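# Observations on the model geometry
Each chain, written out:
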Amino acid sequence: MGIPPDDRSPYDDEPSYQELAERVAALQLLTEQLSAENESLRDLVARLEAELGRHSENSSKPPSQDPMAPRQSRAERRAAGRTAGRRQGKQPGAPGAHLARRVPHEAIMHPPVCCGGCGADLTGADVVGEVRRQVLEIPRIAVLVTDHIAERRRCSCGHETTGVFPAEARAPVCWGPEVRALAVYLMDRQHLPLERTAELLAELLGAKVSTGWLSSVQAEAAGRLGPFITAVKVGLAEAPVVHADETGTRVGTTKRWVHTLATNLLTLLVVHPRRGVEAMEDIGVLADYAGTIVHDGWASYDVFTGAGHAQCGAHLIRHLHAVGEAPEFSPWTTEMIEVLLAAKAANEQAADAGLPRVRHRRANAISKRYHDTLDAAFAALPDGPPPKRRHTGGWTTQQRQAWNLATRLRTDASDVLHLLRDSAVPFDNNTGERALRMVKLHDKISGSFRSDDGARAFATIRSYLQTAALQGQNRLAVLRQLFVEGPWLPQAGIG
């Protein structure tokens, strides 16, 4: 009697097998999508953490961009010094420094007026001693105005001849070579912007110049340096070892590349729209170069097959530090750093001993240790190469970076170990990097260049000033010579 009139089965509302299968398939698809997104996010977090962890010891970032360490208080510094056994002031054995006395231009006497004891007048009293103090001062700087007058004289034949003005008297009123040299020095050596250069000249010299005049003087200086640039290129082409590097700069809102070729005595800087082979061919030194090019491994340099190649060990050590931050790769990266430093020591010892290369037995031992370390590196990695698509194949960002670095070290082993075969090849590319350092400093102080012509003029003048300094010349003196006699030229055959 209590049976419901409806005779439907209680299972009639349950989903069918087909519906359940479709739901399971949809959930599996969703799980795969979420898993892929999760993997992508993990990879992104790893890359961002790696970017945040980059500093001058594990990347190409300069030390100026390293995070500032907390500053110790004066009391903390003193306590640390006491713990280290250091006393305040100059340390024992450290060279002292002080202003030395010089031959005076004049002497001014300061006699006492009255006795400090009884107050008696000391006029005519005996001089029993003296105390000397010397003040070093520069005279107040002022513009020296000189009228150059070219006389016009009439010969008995009736012809009139006018005297010749000196080279610096270029116009009815003009600035002389000293002012012009100082202006270029302030802009291209001290990196003052145009406005501040004009301000300094006005306030220091009383020489009120316009920013347009400063730009024209800079362009004139660069235009006079053609013979110098030719001489530097010849010297670089003959040098047994050349350092090459490049860095970005901005002209207005456009990116440009500053390329350098440098030795310990020559520096060439060139601004070009391109970074790669096109720019290097336009510069013209490397096309027929037969020496050794030291660089950071940028692939464009490999085009110049007539030259030998050596990679910068300092760059490689920074990359090894970055990869070694992952614990699973620390053993082989630490070992490889030790191998590279061993190669550096062997190279320097051979050079100091006057040997053309590292002795064979020692070089072979270092080379074997190098390749054994690479075998350990690949043993710690999945079978490569990693998939081209970042989010497939199960490779982590750290594994990809480690595989890329290990592969580079194996492929370019001959370039990395070049310093074992030639003691004239240094371990690092510091010479090239130092040549470019002032370009980055200029960007920070003066901002971007206003025109391509201005950027090229800066690079040309910097080449002149840096080469002169490397060869012991006074920078301001060679600029003065540039405007009076023509450019100073580097000595031949010393690249």
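Bear in mind that the values here come from a model prediction, so they are computed numbers and not experimental data.

What counts as what
- Residues numbered from 1 in each chain as written.
- Predicted model: local features only at pLDDT ≥ 70, side-chain atom pairs only at ≥ 80, totals over all residues.
- Heavy atoms only, no water.
- Helix = DSSP H or I, 4+ residues; strand = E, 2+ residues; numbered from the N terminus.
- Buried < 20%, exposed > 50% of the residue type's maximum accessible area, 1.4 Å probe, protein only.
- Contact = heavy atoms within 4.5 Å.
- Areas by Shrake-Rupley, 256 points an atom, 1.4 Å probe, with all protein chains shown as cover.
- Axes fitted to C-alpha atoms, helices over the stretch in contact; angles between N-to-C directions.
- Parallel < 35°, antiparallel > 145°, perpendicular 65-115°, else oblique.
- Pairing = 2+ DSSP bridges.
- Disulfide = S-S within 2.5 Å.
- Expected span 1.5 Å × (residues − 1).
- Bend = angle between axes of the 7 residues up to and from the residue.

Moving on, we come to the overall build of the protein chain. Check the secondary structure of the protein chain and you find 16 helices and seven strands. Within the protein chain, the proportion of its 495 residues that are buried is 35%. Sequence-distant contacts, at least 24 apart, represent 61% of the contacts inside the protein chain between residues at least 6 apart. Accessible surface, the protein chain as shown: approximately 31,400 Å² in total, 54% of it carbon and sulfur.

Another aspect to go through is the packing of helix α4 (residues 194–205) against helix α5 (residues 211–223). Contact pair α4 / α5: the axes reach a minimum separation of 9 Å and the direction vectors enclose 105°. In terms of orientation, α4 lies roughly perpendicular with respect to α5. Mapping the contact onto sequence places Leu194, Glu195, Thr197, Ala198 and Leu201 in α4 and Thr211, Leu214 and Ser215 in α5.

The next point concerns the pairing of strand β6 (residues 292–295). Note on strand geometry: in a regular strand, side chains alternate between the two faces of the sheet. Side chains Thr292 and Val294 project from β6 onto one buried face, and the interleaved Ile293 and His295 project onto a second face that is buried too. Two strands pair when backbone bridges link them, and strand β3 (residues 241–251) and β6 are joined in this way by three bridges, in the parallel orientation. Bridged to His243 within β6 is Val294. Relative to strand β7 (residues 308–311), β6 runs parallel, the two being bridged by four bridges. By the bridge assignment, His295 is partnered in β7 with Gln311.

This part takes up the state of the cysteines. Under the defined criterion, the tally for this structure stands at zero disulfides. Cysteine Cys157 is unpaired, with the sulfur of Cys155 as its nearest cysteine sulfur at 3.6 Å.

Next up on the list: helix α14 (residues 430–446). Taking 1.5 Å of rise per residue, 17 residues should cover 24 Å, and α14 covers 24 Å from first to last C-alpha, within 8% of that figure. The largest bend along α14 reaches roughly 30° and is located at Leu436. Of the positions making up α14, those classed as buried are Thr431, Gly432, Glu433, Ala435, Leu436, Val439 and His442. Buried residues along α14 sit in contact with α3 (177–188), β3, β4 (254–262), β5 (267–272), α8 (313–323) and α15 (452–470). In the stretch just after α14, Gly447 is the one whose phi turns positive, near 80°.

The phi dihedral of His191 is positive, around 65°, even though this residue is not glycine. Its place among the elements puts His191 in the loop between α3 and α4.

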